[in-house]
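# What the coordinates show
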Amino acid sequence: VLAWGSWIGAIFLTIWPPDQGSTGPEVWRGRAVFAIVFAPLGCLCRFYASLYLNGKISSFPLGTFAANISGTAILGMSWDLQHVPLGGVVGCQVLQGIEDGYCGCLTTVSTWVSELTALRRRHAYKYGAASIVTGLCFLVVIMGSLLWTRGFSEMLCIH
């Protein structure tokens, strides 16, 4: 009950931020609240991916792999979106909340390292190499497509 109430309270704070009536830019919402709103979604996605997929292959934690790779892809797409006109301050704040909250909870190095130490050495090398190579390949395709088509420009979303 407390968790649901806190999460709903954070959603209300994104809709009606405390500094909404001020004359300056709304920075409070972007720095904290959007990350709080998106974080439980990342936690739940990671939990259910691990719950349903980690037992499929005993020598390869598929749920953690899928969570880390999808989080890496979302972070790459977010970086690309920061370099295009997105919808003003609120659009940039939502994007930052997805990066910090959702992806921050979806991808964790601690679980990856824990699973690497629990696997046999040969399986750990395969799992570690597959994670790094696949993540880098996703980033080359996602971020490289922006570089090859439009080129890198200055960041339009200033946090």
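Structure shown above.
What comes next is a walk through the structure. Please read these numbers as outputs of a predicted model, since none were measured by experiment.

## Focus on the overall build of the protein chain
Counting its secondary structure elements, the protein chain contains six helices and zero strands. Sequence-ordered secondary structure for the protein chain, helices as α and strands as β, is α-α-α-α-α-α. By residue count, 36% of the 159 residues in the protein chain fall in the buried class. In the protein chain, the proportion of contacts linking residues at least 24 apart, taken out of those at least 6 apart, comes to 68%.

## A short note on the side chain of E115
Position of E115 among the secondary structure elements: in helix α5 (residues 109-118). For the buried residue E115, which engages in no salt bridge, the nearest side chain bearing the opposite charge is R46, 5.8 Å off. Once residues lying within four places of it in the same chain are set aside, the contact partners of E115 are N54, P61, T64 and Y127.

## Thoughts on the packing of helix α3 (residues 62-81) against helix α6 (residues 121-149)
Interaxial distance between α3 and α6 falls to 9 Å at its minimum, and their mutual angle equals 20°. By the angle class used here, α3 and α6 are roughly parallel. Pair α3 / α6 crosses with right-handed handedness. Across from T64, F65, I69, T72, A73, G76, M77, W79 and D80 in α3, the residues of α6 making contact are Y127, A130, S131, T134, G135, F138, L139, I142, M143 and L146. A breakdown of the residues in the contact of α3 with α6 according to their chemical character gives twelve nonpolar, six polar and one charged.

## Focus: the nonpolar core
The biggest cluster of nonpolar side chains holds eight residues, and these are F60, F65, I69, W112, L116, L119, A124 and Y127. Where this core is concerned, the elements lending two or more residues are α3, α5 and α6. Residue contacts for F65: discarding those within four places in its chain leaves F60, Y127, A130, S131 and T134. With six residues, the next largest nonpolar core counts F34, Y102, C103 and L106 among its residues.

## Focus: the packing of α3 against helix α4 (residues 88-106)
Two elements in contact, α3 and α4, have axes whose closest approach is 9 Å; the angle formed by their N-to-C orientations is 165°. The angle between α3 and α4 falls in the class roughly antiparallel. As for the relative orientation of α3 and α4, their crossing is left-handed in sense. In contact with A67, N68, S70, G71, I74, L75, S78, W79 and L81 of α3, α4 contributes L95, I98, E99, Y102, C103 and L106.

## Here's the deal with a nonpolar patch on the surface
Among the surface-exposed residues, W4, I8, F12, I15 and W16 lie close enough to one another that they form a single nonpolar patch of about 580 Å² accessible area. Here W16 shows up in the loop between α1 (2-15) and α2 (28-53).

Parameters at a glance
Residues numbered from 1 in each chain as written. Predicted model: local features only at pLDDT ≥ 70, side-chain atom pairs only at ≥ 80, totals over all residues. Heavy atoms only, no water. Helix = DSSP H or I, 4+ residues; strand = E, 2+ residues; numbered from the N terminus. Buried < 20%, exposed > 50% of the residue type's maximum accessible area, 1.4 Å probe, protein only. Contact = heavy atoms within 4.5 Å. Lys, Arg positive; Asp, Glu negative; His and termini not counted. Salt bridge = Lys/Arg side-chain N within 4 Å of Asp/Glu carboxyl O. Axes fitted to C-alpha atoms, helices over the stretch in contact; angles between N-to-C directions. Parallel < 35°, antiparallel > 145°, perpendicular 65-115°, else oblique. Left-handed = near helix turned anticlockwise from the far one by under 90°. Nonpolar A, V, L, I, M, F, W, Y, C, P; charged D, E, K, R; others polar. Core = buried A, V, L, I, M, F, W, Y, C linked by side-chain atoms within 4.5 Å. Patch = residues over 30% accessible without salt bridge, like charges linked within 9 Å, V, L, I, M, F, W, Y side chains within 5 Å. Areas by Shrake-Rupley, 256 points an atom, 1.4 Å probe, with all protein chains shown as cover.

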